[in-house]
Amino acid sequence: MAETHSLQDMRQQVAVAAKVFIQRDYTNGTMCQFQTKFPSDLETKIDKQQFEETIRTLNNLYAEAEKLSSQSFIEGCLACLTAYTVFLCMETHYEKVLKKIAKYIQEQNEKVYAPRGLLLTDPIERGLRVIEITIYEDRSFSR
Amino acid sequence: MNSRDYQQIDPQALPTPAHSPLPHPADRRQEPRTPRRKWEVFPGKNRFFCDGRIMMARGCGVFPLTVGLILVTSTLFFIFDCPFLVKHLTRCIPAIGGVLFVFVLITLFQTSFTDPGILPRATPDEAADVERQIDDTGNTSYRPPPRTKEVLINQQVIKLKYCFTCKMFRPPRTSHCSLCDNCVERFDHHCPWVGNCVGKRNYRFFYTFIVSLSFLTAFIFGCVTTHLALRAQGGKGLVFALQESPVELAICFFSVWSILGLSGFHTYLVASNLTTNEDIKGSWSGKSGDGVTNPYSQKNIFINCCSVLCAPMPPSLIDRRGFLPPNESAQTSDADIEPPRLNHKNEMNVVGASLHLVLIVTLTNLK
């Protein structure tokens, strides 16, 4: 009687009960930030602190990706001098951070969300518009 | 023993996720099908080349004309003016001309072939969620009135509009291009000269293109004028010298002013962190009310320039070369239900400045 299920087992055995969408937060401009407001549908599934911690970390990671630092300035100038051909060869700073984000989301799913019957979808798969949280029916879980 | 209520769920009823490694038991198609890439079912009006690596608007506009004009003028310059000027002035002339020419072509191709910052359309679940949040009447027999959502950006109220085609609230500074039928982030304008929209991802390429093109046309114009002046001094007179390179001179003369003007205009936009779309609509000029300033501007010219031109390059949000999950249907149903709205005239900024029109008219008259 396993208390936790792997992600693969979950997808084959349980049906999707609902999906919650965390929308973007535009109070600081067009930077990619998500709202930290705790959705009511998740109240019984996960505690508020954990959820806010995840969203806050994601927001910090996206801020790091879009940050205007001296490094990005130098990279931008160098790229301009080479007629931006470096973008064809090199991985951009943003892409490097996106990989970090993907790893973080996978880690969160495995450790925190999957045991509670939830699944976070990487926002890049939704055009950085929403964080989609899928709630699975937990009939097979003994609670 | 336990009160678990386990129901056998039919696996055929479940949507198979893209990265599930186990084979789907109920395969309607027995023969193996080559997996399709996402660009093949892309709902917008775009054309894709090189298996999704290159994309442009469906109507390429006058992009071939742009390339043709640049090639013709530069070729004439290298063939007729360079030999004379190398002999009479310096060898640097073809070198500088060559560097500028290559720079211009590379940035032109990057502007035309890059994803301008297209936002993928909302998934059906997302669209349903948004509808649920705003729809309180439940009346689905007619198209609901245009929906807006107000957000506070840097202490200013901005209205976000709902896009009926893409089924989502457009982020700030995003506009729906009716020519391409896509929502583009930080939409500047749809440029027929490059055959693509100019948006968040390719604005820096576009700006570099027009600035380097101004340098190139000014350089060629200067060289041609010098060539003519030197020849006229040589004895045969200005008129005879003019007859030898009329095409080049004409193209350069008319291009120089319009391209320089356009570069100047876009330099102003970059320095104030504005888009052509916002400037033309007068969104922040204070016409609609007092106290309305551009909430995206950093109030510092240098920082504005940096954030527009030197910010980290954002990724493409449409996964063009990704593979479609084997059982997922194409997202082309949107095109049937929602025809592109033709009354978005204020979004159809086909020419960013009237200088474009002047150029077209004068070049047409020349021919």
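Residues numbered from 1 in each chain as written. Chains lettered and ligands numbered in written order. Predicted model: local features only at pLDDT ≥ 70, side-chain atom pairs only at ≥ 80, totals over all residues. Heavy atoms only, no water.

An unreviewed UniProt entry lists chain B under the name Palmitoyltransferase, with Cyprinodon variegatus as the source organism. One UniProt comment on chain B, placed under Catalytic activity (unreviewed entry), says "L-cysteinyl-[protein] + hexadecanoyl-CoA = S-hexadecanoyl-L-cysteinyl-[protein] + CoA". Per UniProt, chain B carries the Subcellular location (unreviewed entry) text "Membrane". (UniProt positions renumbered as here; feature names shortened; annotations may be inferred.)

An unreviewed UniProt entry annotates chain A as Golgin subfamily A member 7 originating from Cyprinodon variegatus.

S.K.: Which residues make up the domain arrangement of chain B, and what values go with them?
M.R.: Residue and element names in this part refer to chain B. Domain boundaries assigned for chain B yield domain 1 (40–118 + 181–324) and domain 2 (124–136 + 143–170). Summing both partners gives a buried area of about 600 Å² for domain 1 against domain 2, and 60% of it is carried by carbon and sulfur. When the buried surface of domain 1 facing domain 2 is broken down by residue, Cys183, Pro295 and Tyr296 rank first, second and third, together holding 68% of it. There are one residue pair in polar contact (both at pLDDT 80 or more) connecting domain 1 and domain 2. Partitioned by chemical class, the residues of the side of domain 1 that touches domain 2 number five nonpolar, two polar and one charged. (Domains from an automatic or database assignment. Buried area = accessible area lost by both parts, 1.4 Å probe. Polar contact = N/O pair within 3.5 Å; in protein donor to acceptor, adjacent residues only side chain to side chain. Nonpolar A, V, L, I, M, F, W, Y, C, P; charged D, E, K, R; others polar.)

S.K.: Kindly report on the sheet that holds strand β1 (residues 16–23) of chain A, identifying the contributing residues and their values.
M.R.: Residues and elements named next belong to chain A. An order of β1-β3-β2 is seen for the three strands of this open sheet, with the pairing classed as antiparallel. The open sheet has two edge strands, β1 and β2 (118–121), and neither has a second partner. Each neighbouring strand pair of the sheet contributes to a mean axis angle of 20°, computed without reference to strand direction. Relative to strand β3 (residues 130–136), β1 runs antiparallel, the two sharing seven bridges. Across the sheet, the residue bridging to Gln23 is Val130, located in β3. Relative to the sheet, helix α2 (residues 48–66) contacts β1, β2 and β3, its axis offset from that of β3 by approximately 150°. (Pairing = 2+ DSSP bridges. Helix = DSSP H or I, 4+ residues; strand = E, 2+ residues; numbered from the N terminus. Axes fitted to C-alpha atoms, helices over the stretch in contact; angles between N-to-C directions. Contact = heavy atoms within 4.5 Å.)

S.K.: If you had to explain the packing of aromatic side chains to someone new, which residues and values would you point to?
M.R.: All names here are of chain B. Going through the model one piece at a time under the given rule, you end up with 20 aromatic pairs over all chains. Taking the centre distance of 5.4 Å and the plane angle of 85° together, the rings of Tyr162 and Phe164 count as edge-to-face. Taken as a pair, Tyr162 and Phe164 share a single burial class, namely buried. Taken together, a centroid distance of 6.1 Å and an interplanar angle of 85° make the contact between Phe253 and Trp257 edge-to-face. Note that Phe253 and Trp257 are positioned in helix α6 (residues 246–271) at a spacing of four residues, about one turn of the helix. (Phe/Tyr/Trp six-rings, centres within 6.5 Å; stacked < 30°, edge-to-face > 60°. Buried < 20%, exposed > 50% of the residue type's maximum accessible area, 1.4 Å probe, protein only.)

S.K.: Give me the lowdown on a nonpolar patch on the surface, citing residues and values where you can.
M.R.: Taken together, the side chains of Leu68(A), Phe302(B) and Ile303(B) make up a nonpolar region of the molecular surface, amounting to roughly 270 Å² of accessible area. Looking at the secondary structure, you find Leu68(A) in the loop between α2 and α3 (70–81). With relative accessibility at 35%, the residue Leu68(A) sits in the partly exposed group. (Patch = residues over 30% accessible without salt bridge, like charges linked within 9 Å, V, L, I, M, F, W, Y side chains within 5 Å. Areas by Shrake-Rupley, 256 points an atom, 1.4 Å probe, with all protein chains shown as cover. Salt bridge = Lys/Arg side-chain N within 4 Å of Asp/Glu carboxyl O.)

S.K.: Tell me about the sheet that holds strand β7 (residues 175–177) of chain B, and please be specific about residues and values.
M.R.: Residue and element names in this part refer to chain B. Across the sheet, three strands lie side by side as β3-β8-β7; this open sheet has antiparallel pairing. A single partner strand is all that each edge strand has here, and the edge strands are β3 (118–119) and β7. For β3 and strand β8 (residues 182–184), the ladder comprises two bridges, and the chain directions are antiparallel. Bridging across to β8, Leu119 finds its partner in Cys183.

S.K.: So what's going on with the pattern of salt bridges? Residues and values would help.
M.R.: All names here are of chain B. Taken as a whole, this structure holds 16 salt bridges over all chains when the rule is applied. Note that Lys200 and Glu185 form a salt bridge whose closest N and O atoms lie 3.7 Å from each other. With Lys200 in the loop between β10 (196–198) and α4 (203–236) and Glu185 in the loop between β8 and β9 (189–191), this pair connects stretches of sequence that are 15 residues apart. Residue Glu185 is classed as buried on the basis of its relative accessible area of 11%.

S.K.: Give me the lowdown on the UniProt feature "transmembrane region" (unreviewed entry) in chain B, citing residues and values where you can.
M.R.: Residues and elements named next belong to chain B. UniProt feature "transmembrane region" (unreviewed entry): in the numbering of this structure it lies at residues 61–80, 92–113, 205–230 and 251–271. Annotated as residues 92–113, this span is 100% helix and 0% strand, and its ends, taken at the C-alpha atoms, are 32 Å apart. The annotated region residues 205–230 carries 100% helix and 0% strand content, and the separation between its end C-alpha atoms amounts to 37 Å.

S.K.: Please give an account of the UniProt feature "domain: Golgin subfamily A member 7/ERF4" (unreviewed entry) in chain A that cites residues and values.
M.R.: If you check UniProt for "domain: Golgin subfamily A member 7/ERF4" (unreviewed entry), the listed places come out as residues 20–132 of chain A in our numbering. Segment residues 20–132 of chain A splits into 50% helix and 10% strand. End C-alpha atoms: 6 Å apart.

S.K.: Kindly report on helix α5 (residues 93–113) of chain A, identifying the contributing residues and their values.
M.R.: Given 3.6 residues to a turn, an α-helix orients residues that are three or four positions apart in the same direction. Helix length check: α5(A), at 21 residues, gives a terminal C-alpha distance of 28 Å against a target of 30 Å (1.5 Å per residue), a fit within 8%. Contacts from the buried residues of α5(A) go to α2 and β2 of chain A. (Expected span 1.5 Å × (residues − 1).)

S.K.: Explain the pairing of strand β2 (residues 54–57) of chain B to me, using residue names and the numbers behind them.
M.R.: Residue and element names in this part refer to chain B. Across four bridges, the pairing between strand β1 (residues 46–49) and β2 is antiparallel. Following the sheet pairing, Phe48 is matched in β2 by Met55. Linking two consecutive strands that pair antiparallel, namely β1 and β2, is a turn of four residues; a positive phi of about 50° is found at Cys50 within it.

S.K.: Any details on the side chain of Thr208(B)? Residues and values, ideally.
M.R.: With respect to the helices, strands and loops of the structure, Thr208(B) is situated in helix α4. Judged by relative accessible area, which is 8%, Thr208(B) ranks as buried. Thr208(B) has contacts with Cys80(A), Tyr84(A), Phe103(B) and Thr107(B), leaving out every residue within four places of it along the chain.

S.K.: Break down unusual backbone geometry for me, with residues and values.
M.R.: Residue and element names in this part refer to chain B. In this structure, Lys167 takes a positive phi of about 60° despite not being glycine. Along the chain, the position of Lys167 falls in the loop between β5 (156–163) and β6 (168–169). For Lys167, a relative accessible area of 18% gives the class buried. With a phi close to 50°, Asn273 is a non-glycine residue in the positive phi region. Along the chain, Asn273 falls in the loop between α6 and α7 (276–281).

S.K.: So what's going on with the environment of Phe73(A)? Which residues, and what values?
M.R.: Within the secondary structure layout, Phe73(A) lies in helix α3. We classify Phe73(A) as partly exposed; its relative accessible area is 28%. Excluding residues within four positions of it along the chain, Phe73(A) makes contact with Phe302(B), Cys306(B) and Cys310(B).

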